[in-house]
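Chain by chain, the residues run as shown.
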Amino acid sequence: MRPLARRLALAGAILAGAANPSFADDLTGYVEFSATRASSKTDIFGLLDTETDLTSFRPQVNLLWTRRLFPYIQAQAGAFYERTDGRIEQLGFEQESELTRFRPFVRLTLRSPLVFGEIGWNRNEETTQTDNLARSRLTRDTFLTTVGWNPVDLPSARLELSRITDRDRSREFMDRTESALRFTSEYKPVESTRLYYRGS
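Residues numbered from 1 in each chain as written. Predicted model: local features only at pLDDT ≥ 70, side-chain atom pairs only at ≥ 80, totals over all residues. Heavy atoms only, no water.

1. Topic: the overall build of the protein chain
Going by this rule: Helix and strand assignments come from DSSP, with helices taken as H or I runs of at least 4 residues and strands as E runs of at least 2, each series counted from the N terminus. Type-normalised accessible area, obtained with a 1.4 Å probe on protein chains alone, sets the label of each residue: buried when under 20%, exposed when over 50%, and partly exposed for intermediate values. Any two residues whose heavy atoms approach within 4.5 Å are treated as being in contact. Only the protein chains shown count as cover for residues, with accessible areas throughout obtained via the Shrake-Rupley method and a probe of 1.4 Å.
The helix and strand tally for the protein chain stands at 1 helix and 9 strands. When its helices and strands are written in sequence order, the protein chain yields α-β-β-β-β-β-β-β-β-β. Taking all 200 residues of the protein chain together, 28% fall into the buried category. Pairs at least 24 residues apart make up 46% of the contacts formed inside the protein chain by residues separated by at least 6 positions. When the accessible surface of the protein chain is summed, it comes to about 13,800 Å², and 56% of that surface belongs to carbon and sulfur atoms.

If you want it as structure tokens, here you go:
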């Protein structure tokens, strides 16, 4: 399966449940196309005229599905896809380039007056290719879990656990994982005083 087809298949799988009106609460999105053509001419000391032609084409697709499971619980899934195809012509030579961005995500959120919680995953993937050279791909996966407590007249508390993985296509030049744990607390004993703590 071609890379574009794989990305669209993944986006479709994430949003498949939203296609049935009996299950979907809200489905939004847009499709956008843009094209650019520019030409410039440069005179170098009267000796050489350089003419440059630039052509680019960029489609974008964005989808967001939202479903409220309970009064304080909400599920979301979505994907953003963008591809830019460009061509430069100069001094009789041509160079073609391709850049794609793919950003899917899923998220489950609990939000009430007293308690907050969220668990989610998102990906930021960029792929580039120039002429017939090998494709270069960088991928970042982020997993995030957050729980919070926000009582009245007591200190609030928020605990956040994240894990970020960066890699290239072959994992030869980049293969890195970073995990972090953060805790924050805020308290206002009186309106004019604010106490804040953050640790990681």
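2. Side note on the side chain of Thr-165
Here Thr-165 lies in strand E7 (residues 156–168). Apart from the residues lying within four places of it in its own chain, the contact partners of Thr-165 are Thr-139, Arg-140, Asp-141, Arg-176 and Thr-177.

3. Side note on the confidence of the model for the protein chain
Operational definition: On a range of 0 to 100, pLDDT expresses the predictor's confidence in each residue.
Summarising the model, the protein chain shows a mean pLDDT of 85, and 84% of its residues fall at 70 or more. The spread of mean pLDDT over the elements of the protein chain runs between helix H1 (residues 3–14), the lowest at 55, and strand E6 (residues 136–149), the highest at 96. Confidence drops under pLDDT 50 across residues 17–24; counting only partners more than four residues distant or on other chains, this segment forms 7 contacts.

4. Examining the pattern of salt bridges
Going by this rule: Any carboxyl oxygen of Asp or Glu that lies within 4 Å of a side-chain nitrogen of Lys or Arg is treated as forming a salt bridge with it.
Taken as a whole and assessed by the stated rule, the structure comprises 14 salt bridges. Glu-82 is the salt-bridge partner of Arg-101, the closest N and O atoms lying 2.7 Å from each other. Of this pair, Arg-101 sits in strand E4 (residues 93–111) while Glu-82 sits in strand E3 (residues 73–90), and the two are 19 residues apart along the sequence. Taking the relative accessible area as the measure of exposure, Arg-101 reaches 23% and is therefore partly exposed. A relative accessible area of 6% means that Glu-82 is categorised as buried. Where Arg-171 meets Asp-175, a salt bridge forms, and the shortest distance between an N and an O atom there is 3.1 Å. Among the residues examined, Arg-171 registers a relative accessible area of 44% and is labelled partly exposed. Given a relative accessible area of 47%, Asp-175 falls into the partly exposed group. Overlapping salt bridges bring together Arg-58, Glu-82, Arg-101 and Glu-126 as one network.

5. Side note on unusual backbone geometry
The phi torsion at Asp-131 lies on the positive side, around 50°, for a residue other than glycine. Inspection of the secondary structure puts Asp-131 in the loop between strand E5 (115–130) and E6. Judged by its relative accessible area of 37%, Asp-131 falls in the partly exposed class. The backbone of Asp-153 shows a phi angle near 65°, a positive value even though the residue is not glycine.

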